[in-house]
Amino acid sequence: MLIIGHLWAVVSRPIEFATLGPFGASPSATWFRAPVRGYSQFAYLDHGYAFFAPDPGPSHLIEADIVGPDQQRTTRRYPDRTDQSPRLLYHRHFMLSEFLNDVYHPPGEPPREIAEDPSALRGWHQSRRRYESVRDSIRNRLETHHPDSQITIQRLQHRPPGLPEFIDQQMPLDDPRLYRILHDSIDGELPGGELSGAVQTIPPAPLAPLQFPQADQRRMQIQNDRSEVAR
Amino acid sequence: MIAQAIRNWGGEVVDAWDRFWFTPRRPHTLALMRIATGMMLLYSQAVLALRLSDFLGDSAWINNSTAAALHGGAFSPPDAARSYLWHLSSPAAIWAHHLLTMAVSACFALGLLTRLTGPLAWFFQLMLVHRMTGTLFGLDQIVTMLAMYLMLAPSGSIFSIDSVLRRRYRSAVQSNRFVAWLLPDAAPSVAANVATRLVQVHLCVVYLFGGLWKARGTTWWDGTALWFAAANYEYQSLNLTWLGRFPVVFSALTHLTVFWEVFYCALVWPKLTRPVVLAIAVAVHGGIALFLGMVTFGTIMIVANMAFISPDWIAELLGINCWRRSADLGSDSERSDAPLAAAAVHSRPVPTAGSLRQPVQTHFQG
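Residues numbered from 1 in each chain as written. Chains lettered and ligands numbered in written order. Predicted model: local features only at pLDDT ≥ 70, side-chain atom pairs only at ≥ 80, totals over all residues. Heavy atoms only, no water.

With respect to the overall build of chain A
Thinking step 1. Check the secondary structure of chain A and you find 8 helices and 4 strands.
Thinking step 2. Along its sequence from the N terminus, chain A presents helices and strands in the succession α-α-α-β-β-α-α-α-β-α-β-α.
Thinking step 3. Considering chain A as a whole, with its 231 residues, one finds that 54% of them fall into the buried category.
Thinking step 4. In chain A, 60% of the contacts between residues at least 6 apart in sequence involve partners at least 24 apart.
Thinking step 5. Within the structure as shown, chain A displays about 10,200 Å² of accessible surface, and the carbon and sulfur contribution to it stands at 56%. (Helix = DSSP H or I, 4+ residues; strand = E, 2+ residues; numbered from the N terminus. Buried < 20%, exposed > 50% of the residue type's maximum accessible area, 1.4 Å probe, protein only. Contact = heavy atoms within 4.5 Å. Areas by Shrake-Rupley, 256 points an atom, 1.4 Å probe, with all protein chains shown as cover.)

Structure (structure tokens):
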């Protein structure tokens, strides 16, 4: 019975995760997981195993703009191979920047259809507070390294070049045209910003906040998974 | 007649289940996996120690209060992924705890008091991963999983300090049940088999869902996924973009990866296909380790795949008869008055040394 119970916990989370759609996970998958949810969470078995899936996408970075007490402006980007070594330490910082992007939720009031649903409205605000909490925590860490400085952080997206760009145009992997700023606004993930060009992401990045409020809260729950897989 | 057929089928299913889970198995494979897992835990924790305050404490990237809030219900329903490290603020206390964690991992890797350090290593790792939300990835998932299963088995009974202590304190082992439990012999045991099977089945689940997720994408179907992985600047450790000049090659490798992941759970069991499946596992994870900057993740996945290698083959490969050496210590499991907690370790009758002199299993047998 112990073996069966454990295997139940092992398979139930990936099943639930795989059934996630715009309205959340399949109700039957959620029901199936319910008895072993706590055990799988505590034993760190609650993963979706979506490694490099469904598609290898762009990377997400953190760019910190630091204005010191002497008004000197410096810009730091995370992760940074020159600063974080060995590779595992670099990768931890890489996952941190991906996590900040994963928990991103736009500011402001929600669309009317969300505002009219108390549960969805609560989820909307909770998601934003979650993002702000993570963002502020990261900024506070930077402030310990740069006391008395003004620090702002923003998210960057860095996509890999497509084959034609790489072969025909000989575009390097870190070409500035492959980066774009993800603004903190309700339409913040539309292309824009000083680093961005007219290049489209491949595969396309999400362009809008979640369309389905009922799914929002549950989706926030699964974002740990998305950030914790080896991408 | 139909009822009889159903009864027969049911009986066969139960027998097959029992054989699969409860046939005693030698611990040699698990012992090697213990060394690798313990070393990986230790390395991961040593890397953390380079910038401990970045990851633990009140001024970490994800500080204590944020980590607690992420799990505690402030932003979503609370979960059970709790850690007392959320409440550890003093740098001295954090360092003391981390050094203790590293010491336990080192003991686990060396096989020192593995019955105790195994569960402790798993527990400390759990506390760490529940605290380090936001900076985790596949390495943490797999190494925690392995630590969990290895603590269930007598993985410290061979290739370990425990095995040396067992020889040195032979009389205490024979006269004291606790010491005998603490320093188990390397005899085949049900516990070793259960742990091995759990790793194997868990690995099948990992690959199946990994493959199914890829099958939901488009680039894994049009053959460009490997290119986009290779061309990801943040992942890249060795340049693999030259593959872009060989679209037939990288698209074939893309398709092979999906096929292998989806069908791993079926093809890893037959003797005929197992060596091929494991060889691809080494190639795929070796590639991830070398080219995609995840040496630790690639390595621990290869370690996990070792669960499909027969312990008899490993003993033969290493040119030692570990069982006989252990049995020479008094063949605890064969003694009617054996103080060894045989009942706890071996819930089924344990084969005698004689029965173990049967021909070794086929290589890579599960």
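Digging into the sheet that holds strand β1 (residues 59-67) of chain A
Residue and element names in this part refer to chain A.
Thinking step 1. Reading across from one edge, β2-β1-β3-β4 is the order of the 4 strands in this open sheet, with antiparallel pairing throughout. Two strands bound the open sheet, and with one partner strand each, they are β2 (73-78) and β4 (179-182). Shown here is a sheet whose adjacent strand axes are inclined to one another by a mean of 30°, direction ignored.
Thinking step 2. In terms of strand pairing, strand β3 (residues 150-158) meets β4 through 4 bridges, oriented antiparallel. From the neighbouring strand, His-158 faces β4, where its bridge partner is Tyr-179. (Pairing = 2+ DSSP bridges. Axes fitted to C-alpha atoms, helices over the stretch in contact; angles between N-to-C directions.)

A short note on the state of the cysteines
Thinking step 1. For the structure on display, the rule yields 0 disulfides over all chains.
Thinking step 2. The thiol of Cys-204 of chain B is unpaired, and the distance to the nearest cysteine sulfur, on Cys-265 of chain B, comes to 5.8 Å. (Disulfide = S-S within 2.5 Å.)

Quick notes on the environment of Arg-25 of chain B
All names here are of chain B.
Thinking step 1. Structurally, the position occupied by Arg-25 is in the loop between α1 (2-22) and α2 (28-50).
Thinking step 2. Taking the relative accessible area as the measure of exposure, Arg-25 reaches 8% and is therefore buried.
Thinking step 3. Between the alpha carbons of Arg-25 and Leu-182 there is a distance of 19 Å; along the sequence they are 157 residues apart.

Examining a nonpolar patch on the surface
Thinking step 1. A cluster of nonpolar side chains, Trp-242, Phe-246, Val-249, Leu-253 and Leu-256 of chain B, forms an exposed patch at the surface whose accessible area comes to about 460 Å².
Thinking step 2. Looking at where Leu-253 of chain B falls in the secondary structure, it is placed in helix α14 (residues 247-267). (Patch = residues over 30% accessible without salt bridge, like charges linked within 9 Å, V, L, I, M, F, W, Y side chains within 5 Å. Salt bridge = Lys/Arg side-chain N within 4 Å of Asp/Glu carboxyl O.)

Digging into unusual backbone geometry
Residues and elements named next belong to chain A.
Thinking step 1. The omega angle of the peptide bond from Ala-53 to Pro-54 is 0°, so this bond is cis rather than trans.
Thinking step 2. With respect to the secondary-structure elements, Pro-54 resides in the loop between α3 (37-42) and β1.
Thinking step 3. Residues Tyr-78 and Pro-79 are joined by a peptide bond in cis, for which omega reads 0°.
Thinking step 4. With respect to the helices and strands, Pro-79 occurs in the loop between β2 and α4 (87-102).
Thinking step 5. For Tyr-44, which is not a glycine, the phi torsion comes out positive at approximately 60°.
Thinking step 6. With respect to the helices, strands and loops of the structure, Tyr-44 is situated in the loop between α3 and β1.
Thinking step 7. The buried category is assigned to Tyr-44, whose relative accessible area is 5%.
Thinking step 8. At Phe-52, a position not held by glycine, the phi torsion is positive, near 50°.
Thinking step 9. Mapped onto the elements, Phe-52 comes out in the loop between α3 and β1.

Considerations on the confidence of the model for chain B
Where the model shows low pLDDT, its predicted coordinates should not be examined in detail.
All names here are of chain B.
Thinking step 1. Averaged over all residues, the pLDDT of chain B is 88; the fraction at 70 or higher stands at 87%.
Thinking step 2. Here residues 325-366 is modelled with pLDDT under 50, and outside its nearest four sequence neighbours on either side it reaches 90 contacts, counting other chains as well.
Thinking step 3. Predicted complex metrics record ipTM = 0.84 and pTM = 0.85. (pLDDT = per-residue confidence, 0-100.)

Re the interface of chain A and chain B
Often the size quoted for an interface is simply the accessible area lost on bringing the parts together.
Thinking step 1. Facing 80 residues of chain A, the contacting portion of chain B comprises 81 residues.
Thinking step 2. Of the roughly 7,400 Å² buried where chain A meets chain B, counting both sides, 65% is carbon and sulfur surface.
Thinking step 3. On inspection of chain A and its partner chain B, the count reaches 3 salt bridges.
Thinking step 4. As a salt-bridge pair, Arg-92 of chain A and Asp-140 of chain B come within 2.8 Å of each other at their nearest N and O atoms.
Thinking step 5. Here chain A is connected to chain B by 35 residue pairs in polar contact (both at pLDDT 80 or more).
Thinking step 6. Elements that contribute at least two residues to the side of chain A that touches chain B include exactly α1 (2-18), α3, β1, α4, α6 (118-145), α7 (163-167) and α8 (213-228) of chain A.
Thinking step 7. The element best represented in the side of chain A that touches chain B is α6 of chain A, accounting for 12 residues.
Thinking step 8. By residue class, the composition of the side of chain A that touches chain B is 46 nonpolar, 23 polar and 11 charged. (Buried area = accessible area lost by both parts, 1.4 Å probe. Polar contact = N/O pair within 3.5 Å; in protein donor to acceptor, adjacent residues only side chain to side chain. Nonpolar A, V, L, I, M, F, W, Y, C, P; charged D, E, K, R; others polar.)

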